[in-house]
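The primary structure of each chain is shown beneath.
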Amino acid sequence: MYSSGARAQEVCDIKVEDVLFGKDSTVVIIHGKGRKTRRVPISKQSADLLMKYMKSIKIFDRCEEFIFKSRLNKQMTIASVEWTFNKYVQQAKDLYPTMFLEDKYPPHSMRHSTASHMLDAGVPLTVIKNFLGHSSLQTTQIYAEMSTNRANQYLKQWNEKWFPALDAVGQKEKQKCTACK
């Protein structure tokens, strides 16, 4: 989900024929909202994991088969994606509790992270728009605002961590100045 920026339903809809493994790159054809498709390059690490997974479940030559399945269905459902995502978010929270700012993270937060990280890395909004399959640049612009909020949050945390004594000094100076009047 992170490497492709795909929505939960888009992940559920990926078939074997939608993954185009190449020598230098791998592309996944994502079937998005409004029956729009887009070709999304994924990282080599993600491609390697996907290939290993497809080989392990022996579907590499079954073009029409869905890649991600649930125990009961030939195609994974959004509920299955949510359950799996929540399971691994909880495991990560248990290992790294200070790295999580929110109580809950829906699968769609992965898509938000992808967009925000692309923006933070300097990827132009128009490229992110196409990568995510947005019809409008205004939709993608939301991530720029989120990124500014995130930057402010990080700066606040940084200031609190590295300059706590200065805040105390600043308070004393304010009191002193008020007393001088």
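Just so it is clear, the structure is predicted and the values come from calculations on it, not from any experiment. Counting restarts for each chain, with residues numbered from 1 along the sequence as it is written. The predicted origin of the model limits local features to residues at a pLDDT of at least 70 and limits the giving and counting of side-chain atom pairs to 80 or more, whereas totals for whole chains, interfaces and linings rest on all residues. Based on all heavy atoms of the structure, the side-chain values leave hydrogens and waters out of the count.

### Quick word on helix 5 (residues 125-132)
Then, number 1: For helix 5, the set of buried residues is Leu125, Ile128, Lys129, Phe131 and Leu132. In a view along the axis of helix 5, the buried residues occupy a sector of 165°, so they form one face of it. Throughout this description, buried means an accessible area under 20% of the type-specific maximum (1.4 Å probe, protein chains only), exposed means over 50%, and partly exposed covers the range between. Helix numbers and strand numbers start at the N terminus; a helix is a DSSP run of H or I with at least 4 residues, a strand a run of E with at least 2. By definition, the arc is the one covered by directions from the helix axis to the C-beta atoms.

### What about the sheet that holds strand 1 (residues 19-21)?
Then, number 1: Pairing is antiparallel in the open sheet, where three strands are placed in the order 1-2-3. Each edge of the open sheet carries a strand with a single partner, namely strand 1 and strand 3 (37-42). If you compare each strand with its neighbour and ignore which way they point, the axes differ by 20° on average.
Then, number 2: Bridge analysis of strand 2 (residues 26-31) against strand 3 gives six bridges, and the strand direction is antiparallel. The residue bridging Ile29 from the neighbouring strand is Arg39, located in strand 3.
Then, number 3: Contacts were defined at the residue level, with two residues in contact if any of their heavy atoms lie within 4.5 Å. Note on geometry: axes are C-alpha line fits, over the in-contact stretch for helices, and angles between N-to-C directions span 0 to 180 degrees. The strands touched by helix 2 (residues 44-56) within the sheet are strand 1, strand 2 and strand 3, with strand 1 carrying the most contacts at an inclination of about 110°. Pairs of strands are assigned from DSSP output, requiring at least two bridges between the strands.

### What to know about the layout of surface pockets
Any space left empty among the atoms is revealed by the rolling of a water-sized probe across them.
Then, number 1: A pocket, in this scheme, is an open set of points on a 1 Å grid over the protein atoms alone with protein on both sides within 12 Å along at least 5 of 7 lines, while a cavity is a set where a 1.4 Å probe fits but cannot get out; residues line either one if an atom lies within 4 Å of a point. Grid points are joined across faces, edges and corners, and a volume is the space filled by probe spheres set on the points. When its volume is computed, the largest pocket comes out at roughly 1800 Å³.
Then, number 2: Lining the largest pocket are 44 residues, and of these Tyr2, Phe85, Ser109, Met110 and Ser113 sit closest to its centre.
Then, number 3: At the level of elements, strand 2, helix 2, helix 3 (78-95), helix 4 (108-120) and helix 6 (137-162) are the ones that each hand at least two residues to the lining of the largest pocket.
Then, number 4: By volume, the second largest pocket amounts to about 190 Å³.
Then, number 5: Considering the residues around the second largest pocket, the lining is formed by Lys69, Ser70, Arg71, Met76, Ser80, Trp83, Thr84, Lys87 and Tyr88.
Then, number 6: Residues of the lining of the second largest pocket, tallied by class, amount to three nonpolar, three polar and three charged. Classification used: nonpolar for Ala, Val, Leu, Ile, Met, Phe, Trp, Tyr, Cys and Pro, charged for Asp, Glu, Lys and Arg, polar for all others including Gly.

### Comments concerning the packing of helix 4 against helix 5
Then, number 1: Packing of helix 4 against helix 5 leaves a shortest axis separation of 10 Å and a crossing angle of 155°. Viewed along their axes, helix 4 and helix 5 adopt a mutual orientation that is roughly antiparallel. When you trace helix 4 past helix 5, the crossing you get is right-handed. Only Leu125, Ile128, Phe131 and Leu132 of helix 5 make contact with helix 4, whose side of the interface consists of Arg111, Thr114, Ala115, Met118 and Leu119.
Then, number 2: Looking at the contact of helix 4 with helix 5 residue by residue, the classes come out as seven nonpolar, one polar and one charged. Working rule for angles: under 35 degrees goes down as roughly parallel, over 145 as roughly antiparallel, 65 to 115 as roughly perpendicular, anything else as oblique. By convention, the crossing between two helices is left-handed when the near helix turns anticlockwise from the far helix through less than a right angle, and right-handed when the turn is clockwise.

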